[in-house]
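Here is how the chains run, residue by residue.
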Amino acid sequence: MTSMFDQFEKASIRSKNNNIMAEMNTLDYINMTLADDVPIFSKTKKDFTPAYKVTHVVLENRYLVAALSNGSIFRMHLQSPNTRDEISLSKFTSCRLSNIFLDPTGHHLLISLVPTSKEVGPELLYLSRKTNKLRATTKFRGHEFTEVAWNNLNTSESTTGPILLGTSKGMIFETEIVLDGEKFFTSGFSSIEQYWRQVFDIGKGTNTPITGLEYFEIPGANRLIIFAATATKLYYFTGKGDQDDKPTLQQVFNRYLNVPEPETYIEVESNLRYSKLKFYSDNLTTPNYFAWMTGKGITYGKLECNSTETLSTIKSNIKTIPFPKPKYEDYSVSQKFPIAIVVTEFHILLAYADMVKGVCLLNEEVVYEDNYNEAFGKLVNILKDSRTGDIWVISETAVFQYKVTREERNVWKIFADNQQFELAKKYSRGNEVCYNQVLIKEADMLFDKKKYELSAQIYAEAESSFEEICLKYIQADQQDALKIFLRRKLDNLKPSDQTQITMIVIWLVELYLNRLEEKRLTGQGDTVAYLDIQKEFETFLALSEVSKCVKNNKSTIYDLMASHGDKANLMKSTIVNKDFEQLIRQNIYKNSFHEALDVLKSQSNYELYYQFTPILIQEVPKHMVKALIENGKKLSPVRLLPALVSCEGEHHSKEVIKYLEFVTEKQKNSNKSLHNLLLSLYAKYEPSKLLDYLDSQGNELGMINFDVHFALRLCQERNLIKACVHLSCLLGLWESAVDLALEINLDLAKEIANKPPEEDVELRKKLWLKIAQYVVAGKNDIQKAMEFLKQCELIRIEDILPFFSDFVTIEHFKEAICNSLKEYNQHIQDLKEEMEEATKSAETVREDIMKFRNRCTYVNSSDVCDICNIMILIRPFYIFPCQHKFHSDCLREELEPLLGPGKKHKLAELDKRLISLTRVDNVSMGSTGLSNLEMCRAEIDNIIASECLYCGENMIQNIDKPFLDDIEYEIIKKEWE
């Protein structure tokens, strides 16, 4: 249950942590509290009340040791409050306790006693945590010790390691205390000091007590740093020390024996008889800051702890913080001074007799004030556990623990106000609002100092009004800084912010184009500065996000470049963005047709060929056709027809012919439109190639790739008779073909007359008669006519006689007529012989038929079907002269897949007919004397049993048929896998 005093104590705490309400006026969308409501320092009273008042107290590693007013030493572990004990000092009645010192591990305690009478001298006692036995040091009798510098790296419970002791006379001793059984060597008498040595004398015989003493060993550097304080001076010693050479620390002091004393200390004026020296370290080895309390205030400085640090560098980094003034000043009362201090990272806690104050080390403001009730007695000490960092305040009758909660929470603002922006950013990164305010302050400072480009970089990182910042740079006419700001803003945008990206990219393009245009207008187009801007612009356009944005807004970007007259960048932009269509257009507008063709060939969008071929084939026909041929099947010749048809003139047409020849001959393209165009160009410009082309197409009308009627009409218009003859032959216009051939070449006509099918004797004879009429008519040349008759067997003398004039006598044809009669006579004789042979063959067939009527075969009861291997007699069957036997159903099942579509269809119809006849009428007779049912069965037998399955033509025709079809093959293949 909380006591009334505790409740009062809590009510009296006044925290000066100002909750900073940051109305961030520069941000039009942020307005929130920057600081937490939890106070930085909060106090908790522990459930412990000593039996007697506390006079002295020390605390390390959660181990508390207190000197009580009854003359005893009280020890307690703070994590186990029940583990406590008391050690009486009653046997030292002639002395009083002046101070106690506890090492960082909490295992070694030194007790300094001063005599109450002149008969005895001062004593120094040692007490180990493991025992209750007090041990007196024999070497240090006669010295009053006011400070001890412990070895911070020592972890042993049985030895202290090298330590320093400061006296009330200003002397400094080095020693190492070792428990019995742990000594490395022994002297002639029993003592706990392994060694002892006076290493320095600050007082030089005066009463100058040592009020602060600390030393630090820098790990890995073999370097020692020693601080010693008096009421007005702070001494600094540094040097190397060999741990194997004892005493270790004396080696450092030896360097300063001949050094002028003012070069070893910092001095302040102080009327206070004591001072306090404390350090802050974020580890257990090297200190980061020191705080030295004197009558003038708190001397505070940063330590680097490196090989280059000297007393001069420490002096240059120190500042003095005055003691905080009381809230209500009373000039009648002398000023109160702290009795002890504790240093944290950013604050110092000052313990007075009745209060604790917290002062910020950065701005020297009091941030915490805690008044203590008289019921707890006066404050004895404020301590910081060097191992845990816990802060404790001990009064005469109570123990309090202080909790430090995010003491760095508002230091960013102090650093920012002091223009220490790197530190401000370091301590505000965890809070986006605070970090943003630091960035804006830094950018504003740089802008005010006219460091525009640096400020632009910082503004870009901050969440601030975009329009306001851009306006500031525009008003200041700082285009380069604005460009940097926009570039950085662009880098910070997400890919989803497409609208902002587009706006900034277009604006930046405009800025670059403005700068380039300014340089060109002033005649600086070839200078290094211009080239640098151009290079920067190209780098900008090559960025992935920028490139993507330019592609999506090509027309706008191209319009901007065109408006600035920047044709070079317009061309480069189209190349970089692979906007080949625009690039080709630009080259065509400049009449650079060869360059346009080169661009067209360098890209892979073949749609552009169809778009620009009509123009380029007119301007550079040879190179364009070459490009078309090089692309081969990648292009569709049919889609190029409009461009090819548009070509006029012999030069252009011959190039088109080259392409069409490539398409038809190399690519074997059979499109009629292409062949018609090629034929028309042949007819018009290269008639010599026309006949070769027609011959290459063959004589099968269905295999010809051009329109024969169109070709014939075209050749008639061009009076290409030979081509007309060829085309007429293709169309079967044989008489017309012969008539045309007779106009130019008799031999050609004869060749045409022989082309019709041999079985069409009448047509061939008619054609030859036409030729005969041409040869005979009007000439009456008997000799030529006779020679002509020898060339054709179809024409006789009697066929051509009508073509001769009436004045020609028969005696001129005597020989021809006799030869014709002889041929007729021979033909009659041949017919007689053929008739005799036919009669003999008929007689032979009759005899064979009679023999087959009486022929039979034998079937054994053990015979089986050659298909199913089952007895043949159990079902209807067929037997063939080759002795193969099949069941009728087995034969049909095997044979049916081998039948053609016609026979399959007829067999199905016969099956239907057989079923209907069986049901209706099976006795009606047909014209052959057989019943309809028998006739139907006979037809089925003719289809199924016309020949043996294994010996007939079906087996020969299906010799190349695989044993397994595709489906069966795949099934068996999977089974085998």
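Above this note sits the structure.
Residues numbered from 1 in each chain as written. Predicted model: local features only at pLDDT ≥ 70, side-chain atom pairs only at ≥ 80, totals over all residues. Heavy atoms only, no water.

Draft legend 1. Spotlight on the overall build of the protein. Counting its regular elements, the protein contains 35 helices and 33 strands. Counting across all 977 residues of the protein, residues that qualify as buried make up 45%. Sequence-distant contacts, at least 24 apart, represent 51% of the contacts inside the protein between residues at least 6 apart. Approximately 53600 Å² of the protein is accessible, and the part contributed by carbon and sulfur atoms is 50%. (Helix = DSSP H or I, 4+ residues; strand = E, 2+ residues; numbered from the N terminus. Buried < 20%, exposed > 50% of the residue type's maximum accessible area, 1.4 Å probe, protein only. Contact = heavy atoms within 4.5 Å. Areas by Shrake-Rupley, 256 points an atom, 1.4 Å probe, with all protein chains shown as cover.)

Draft legend 2. Molecular detail of the sheet that holds strand S20 (residues 265-267). Taken in spatial order, the four strands make up an open sheet running S17-S18-S19-S20, and their pairing is antiparallel. Whereas interior strands pair on both sides, the edge strands pair on one side only; in this sheet they are strand S17 (212-218) and S20. Between one strand and the next, the sheet's axes are offset by a mean angle of 10°, whatever the strand orientation. (Pairing = 2+ DSSP bridges. Axes fitted to C-alpha atoms, helices over the stretch in contact; angles between N-to-C directions.)

Draft legend 3. Seen up close, the environment of isoleucine 394. Here isoleucine 394 lies in strand S30 (residues 391-395). Note: C-alpha distance between isoleucine 394 and alanine 66 (328 residues apart in sequence) is 9.5 Å. Setting aside chain neighbours within four positions, we find isoleucine 394 in contact with Val54, Val57, Leu64, Leu379, Val380, Asn381, Leu383 and Val399.

Draft legend 4. Expanded view of the nonpolar core. Residues Tyr473, Phe485 and Phe540 are the most contacted members of the largest nonpolar core, which totals 75 residues. In this structure phenylalanine 485 touches Ala456, Tyr459, Ala460, Phe466, Ile469, Cys470 and Tyr473, once residues within four positions along its chain are discounted. Ranked by size, the runner-up nonpolar core spans 70 residues in total, among them Cys647, Ala723, Leu742 and Ala749. (Core = buried A, V, L, I, M, F, W, Y, C linked by side-chain atoms within 4.5 Å.)

Draft legend 5. Layout of the environment of threonine 160. Checked against the element boundaries, threonine 160 lands in the loop between strand S13 (145-149) and strand S14 (163-167). Overall, threonine 160 belongs to the buried group, its relative accessible area being 2%. Along the chain, threonine 160 and threonine 175 lie 15 residues apart, while their C-alpha atoms are 9.0 Å from each other.

Draft legend 6. Examining the sheet that holds strand S22 (residues 289-294) more closely. Pairing is antiparallel across the open sheet formed by four strands, whose spatial order is S21-S22-S23-S24. Here the strands that pair on one side only, and so sit at the sheet edges, are strand S21 (276-280) and strand S24 (318-321). Adjacent strand axes in the sheet meet at a mean angle of 20° when their direction is disregarded. Bridging between strand S23 (residues 297-302) and S24 involves four bridges; their strand directions are antiparallel. Opposite tyrosine 300, over in S24, you have lysine 319 as the bridge partner.

Draft legend 7. Molecular detail of the pattern of salt bridges. All told, the structure shown has 24 salt bridges when counted by the stated rule. The salt bridge involving arginine 515 is made with aspartate 480; its shortest N-O contact spans 2.4 Å. In this pair, arginine 515 sits in helix H10 (residues 498-521) while aspartate 480 sits in helix H9 (residues 479-492), placing the two residues 35 residues apart along the sequence. Here glutamate 896 ties to arginine 892 by a salt bridge, and the two come within 3.9 Å at their closest N and O atoms. Of the residues examined, glutamate 896 reaches a relative accessible area of 32% and is grouped as partly exposed. (Salt bridge = Lys/Arg side-chain N within 4 Å of Asp/Glu carboxyl O.)

Draft legend 8. Structural view of the pairing of strand S25 (residues 340-343). Burial along S25 is two-sided: Ala340 and Val342 facing one way and Ile341 and Val343 facing the other are all buried. Examined bridge by bridge, S25 and strand S26 (residues 347-351) share four bridges and lie antiparallel to one another. Bridge pairing links isoleucine 341 to leucine 350 in S26. In sequence, S25 turns back onto S26 through a hairpin of three residues.

Draft legend 9. The arrangement of helix H14 (residues 567-576) in detail. Listed as buried for H14 are Asn569, Leu570, Met571, Ser573 and Thr574. Taken together, the buried residues of H14 touch H10, helix H11 (528-542), helix H12 (544-552), helix H13 (554-563) and helix H15 (580-589). Looking one or two residues beyond H14, the residue adopting positive phi is lysine 578, at roughly 55°.

Draft legend 10. Highlighting a negative patch on the surface. A cluster of acidic side chains, namely Asp830, Glu833, Glu834, Glu836 and Glu837, defines a negative patch on the protein surface. For glutamate 837, a relative accessible area of 55% translates into the label exposed. (Patch = residues over 30% accessible without salt bridge, like charges linked within 9 Å, V, L, I, M, F, W, Y side chains within 5 Å. Lys, Arg positive; Asp, Glu negative; His and termini not counted. Charge placed at Lys NZ, Arg CZ, Asp CG, Glu CD.)

Draft legend 11. Just the packing of helix H25 (residues 734-744) against helix H26 (residues 746-753), in detail. Axis separation between H25 and H26 bottoms out at 6 Å; the angle between their running directions is 160°. As judged from the angle between their axes, H25 and H26 are roughly antiparallel. At the point where H25 passes H26, the crossing takes the right-handed sense. Contact residues: Trp734, Ala737, Val738, Ala741, Leu742 and Ile744 in H25; Leu746, Leu748, Ala749, Ile752 and Ala753 in H26. The residue inventory of the contact of H25 with H26, partitioned by class, reads eleven nonpolar, no polar and no charged. (Parallel < 35°, antiparallel > 145°, perpendicular 65-115°, else oblique. Left-handed = near helix turned anticlockwise from the far one by under 90°. Nonpolar A, V, L, I, M, F, W, Y, C, P; charged D, E, K, R; others polar.)

Draft legend 12. Molecular detail of the packing of aromatic side chains. In the structure shown here, the tally under the stated rule is 39 aromatic pairs. Summarising the aromatic geometry, the rings of phenylalanine 346 and phenylalanine 415 are spaced 6.5 Å apart at their centres and angled 75° between planes, so their arrangement reads as edge-to-face. One end of the pair, phenylalanine 346, is in the loop between S25 and S26; the other, phenylalanine 415, is in helix H4 (residues 411-417), with 69 residues separating them in the sequence. With relative accessibility at 2%, the residue phenylalanine 346 sits in the buried group. Residue class for phenylalanine 415 comes out buried when judged on its relative accessible area of 5%. Aromatic pair tyrosine 459 and tyrosine 473: ring centres 6.2 Å apart, planes at 80°, arrangement edge-to-face. With tyrosine 459 in helix H7 (residues 452-461) and tyrosine 473 in helix H8 (residues 466-475), this residue pair connects regions lying 14 residues apart in the sequence. The exposure classification of tyrosine 459 matches that of tyrosine 473, with both residues buried. The structure contains a cluster of three or more aromatic residues connected by ring pairs, namely Phe447, Tyr452, Tyr459, Phe466, Tyr473, Phe485 and Trp507. For lysine 233, the ring lying beneath its charged end belongs to tyrosine 265, and the centroid distance is 4.4 Å. When the ring centre of tyrosine 352 is taken as reference, the NZ or CZ atom of lysine 357 above it lies at 5.7 Å. (Phe/Tyr/Trp six-rings, centres within 6.5 Å; stacked < 30°, edge-to-face > 60°. Lys NZ or Arg CZ within 6 Å of the ring centre and 35° of its normal.)

Draft legend 13. Unusual backbone geometry, seen in detail. A positive phi angle, close to 60°, is found at asparagine 719, a residue other than glycine. Phi at glutamine 883 is positive, roughly 75°, even though this residue is not glycine. In this fold, glutamine 883 is placed in the loop between strand S32 (877-879) and strand S33 (885-887).

Draft legend 14. Looking closely at the pairing of strand S29 (residues 379-384). Burial analysis of S29 places five of its six residues in the buried class, which makes it a mostly covered element. The sheet contact formed by S29 and S30 spans five bridges and is antiparallel. Note that in S30 the partner of leucine 383 across the bridge is tryptophan 392. What sits between S29 and S30 in their antiparallel hairpin is a turn of six residues, with glycine 389 showing a positive phi close to 80°.

Draft legend 15. Expanded view of the side chain of aspartate 566. Position of aspartate 566 relative to the elements: it lies in the loop between H13 and H14. With a relative accessible area of 4%, aspartate 566 lands in the buried category. Once residues within four sequence positions are removed from consideration, aspartate 566 is found in contact with Leu513, Leu516, Arg520 and Met561.

Draft legend 16. Geometry of the state of the cysteines. Tallying each qualifying case throughout the model produces zero disulfides. Unpaired in terms of disulfides, cysteine 715 finds its nearest cysteine sulfur in cysteine 724, a separation of 5.1 Å. Residue class for cysteine 715 comes out buried when judged on its relative accessible area of 1%. (Disulfide = S-S within 2.5 Å.)

Draft legend 17. Representation of H11 in the model. Taking 1.5 Å of rise per residue, the 15 residues of H11 would be expected to cover 21 Å, and the 21 Å separating its terminal C-alpha atoms lies within 8% of that figure. Those residues of H11 not exposed but buried are Tyr530, Ile533, Gln534, Phe537, Phe540 and Leu541. One side of H11 holds all its buried residues, which, seen down the axis, span an arc of 120°. Exposed residues lying more than 90 degrees from the buried face of H11 are Val528, Lys535 and Ala542. In this structure, the buried side of H11 is in contact with H9, H10, H12, H13 and H14. (Expected span 1.5 Å × (residues − 1). Arc of directions from axis to C-beta.)

Draft legend 18. Structural detail: the environment of threonine 299. Structurally, threonine 299 can be placed in strand S23. A C-alpha to C-alpha distance of 6.6 Å links threonine 299 and isoleucine 318, two positions 19 residues apart in sequence. In this structure, threonine 299 is in contact with Val268, Phe290, Ala291, Trp292, Ile318, Lys319 and Thr320, ignoring residues within four places of it in sequence.

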